[in-house]
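# Chain and residue survey
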Amino acid sequence: MRHARRRLVRRVTRLAAVGGLLLGGTMVTRAVASEPPDASSVPRTYAASAASTGGDLVARLGASRTAGSWIGADGKPVVAVTDEEAAAQVRKAGAEPKMVDHSMDELKSATSTLRSTPRVVGTAWVMDYRSNQVVVRGDSTVSAADWSRMTRVADGIGGFVRMERTEGTFTTRLNGALPLLSTVGRCSAGFNVTDGQRDFILTAGHCGPDGSVWFADNRGTRQIGQTIKQNFPGADYSLVQYASGDAGAGADVVSIGAGKGVRITGAADPAVGQRVFRSGSTSGLRDGEVTALDATVNYPEGTVTGLIETNVCAEPGDSGGPMFSEGVALGVTSGGSGDCDAGGTTFFQPVTKALAALDVKLLVAAQNGSGQGASPAPSASSPQGAGSPGDTSPGSSAPVTGADAVTLLSRLADPKNVGPGLLVIAGSLVALAATRFIRAEQDRKAYRRHYSATWG
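An unreviewed UniProt entry lists the protein under the name Protease, from Streptomyces caeruleatus. Regarding the protein, the relevant UniProt record gives this comment under Sequence similarities (unreviewed entry): "Belongs to the peptidase S1 family."

Okay, here's the thing in structure tokens:
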């Protein structure tokens, strides 16, 4: 009878321990699958930190002593300076100085002069920080006479204005992440945003005027929403209000094709030299590098200023699609030249400027995991030394229809999420080990008693 009771106790203990392991495993799994904290607790990436350091130095030293900043091949910030004292301050801050001949004031004066000349469709210009020049580009539609006239203007400004002809044409990419369709044409959804009461899609302004109705299918049976605010030309952004007023589950995820997506954790301004990714329904996920900021493009429809220039390819149908890096929203596709076979130049409307002008915020995951919340990207002032621009990733992967997209490692490292489950697992393992030890000890004693009786 006593042995039967012992066996029963051991069996119950083992079953309880196994149940504890299953329960603890479930708790950990649920914690890993739960919503991540909001954007304010997401650490900044090395690119954002390097960009912040370079931007802070440029702002502190002033436009007469600097001429922009960019991310070097080693991932560290580089700042163009015009005097040795400024260079010393840049080194002291942990960045690399580069001595140049022309200040930001001179570069901006040159672009101002170009802007005051008669508009030539098919031209664009940027301040190239790395070469310390203003680069004027003309596409294949610019006539020889117009190009000659612009060249004379450039010569009058000075030798730091470089003229370049480019293949293709500078056009908006109307027609690409998930498609938006209307009688106006086809565009891509950019990022989901909110004003605190209603949810919207941030996309390109040239996609359609106020009142444009958008559908998810070409038969017009699945209405998405309607354009309520547009800015184009001048800038290139618009708001499409969801017909239901709610973006729904997975609002913080942008599509990258094949049913996959990337979780967006906040918004920021990019840096020259930063590796970036763009998604569109025509050409899918593509990557490249930011080559210049504050670009001016003379589209056939009008002039747009303040754009981000990149060497990421895009094609008709990609307009309004999201540009991002390491999960941070950077821009929406405006236009460019070339295609994804031959390559080309693509321009993007900065997200931060559009959010500020429209008085909306990105939809990102809520801190308590109870739903969607809105929060801008956090800021940082110190660089992270690891990594190079080529090591950058789009961000954490996620299913397009879901909201689970942070890495497993970051979840397991958070004791607030998995601590209780791990404690249950640890307790169950201890119980299993104890029952096995007790059983082994009892078997040893029984063995000794048996042979003692036999030999006695």
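The rest of the description comes next.
With that out of the way, let us pick up the environment of G306. The topology assignment puts G306 in strand β20 (residues 302–310). When the C-alpha positions of G306 and P350 are compared, they lie 7.8 Å apart, and in sequence the two are 44 residues distant. Not counting residues up to four positions away in its chain, the partners in contact with G306 are D294, A295, P350 and K353.

Turning to the sheet that holds strand β1 (residues 66–71), a few remarks are in order. Here 3 strands make up an open sheet; going across it, the order is β1-β2-β3 and the pairing mixed. Two strands in the sheet have a free side with no partner beyond their single neighbour: β1 and β3 (96–99). Direction aside, the axes of adjacent strands within the sheet are offset by 25° on average. Summarising the sheet, strand β2 (residues 77–81) and β3 pair through 4 bridges and their orientation is parallel. Bridge pairing links V78 to E96 in β3. Packing of helix α3 (residues 84–92) onto the sheet brings it into contact with β2 and β3, and relative to β3 it is tilted by some 160°.

Next up on the list: the packing of helix α4 (residues 104–116) against helix α5 (residues 144–157). Interhelical geometry of α4 versus α5 gives an angle of 150° and a closest axis separation of 10 Å. With respect to their mutual orientation, α4 and α5 come out roughly antiparallel. Crossing of α4 over α5 shows right-handed handedness. Contact residues: A110, T113 and L114 in α4; M150, V153 and I157 in α5. Residue classes in the contact of α4 with α5 are distributed as 5 nonpolar, 1 polar and no charged.

The rules behind the values
The residue numbering used here restarts from 1 in each chain and proceeds along that chain's sequence as written. Per-residue local features are limited, in this predicted model, to residues with pLDDT of at least 70; the limit for side-chain atom pairs, both in listing and counting, is 80 or more; totals at the level of whole chains, interfaces and linings are taken over all residues. Just so you know, side-chain values use all the structure's heavy atoms and leave hydrogens and water out. UniProt positions are given in the numbering used here, feature names are shortened, and annotations may be inferred rather than shown by experiment. Only DSSP runs of H or I covering at least 4 residues are called helices, and only runs of E covering at least 2 are called strands; the numbering of each starts at the N terminus. The criterion used for residue contact is that any of the two residues' heavy atoms lie within 4.5 Å. Two strands are counted as paired when DSSP detects at least two bridges linking them. Fitted lines through C-alpha atoms give the axes, limited to the stretch in contact for helices. The angle between two N-to-C directions lies from 0 to 180 degrees. Roughly parallel means an angle under 35 degrees; roughly antiparallel, over 145; roughly perpendicular, 65 to 115; everything else is oblique. For any helix crossing, the convention is left-handed if the near helix is rotated counterclockwise from the far helix by under a right angle, and right-handed if that rotation is clockwise. Residue classes follow a fixed rule: Ala, Val, Leu, Ile, Met, Phe, Trp, Tyr, Cys and Pro count as nonpolar, while Asp, Glu, Lys and Arg count as charged, and any other residue, Gly among them, counts as polar.

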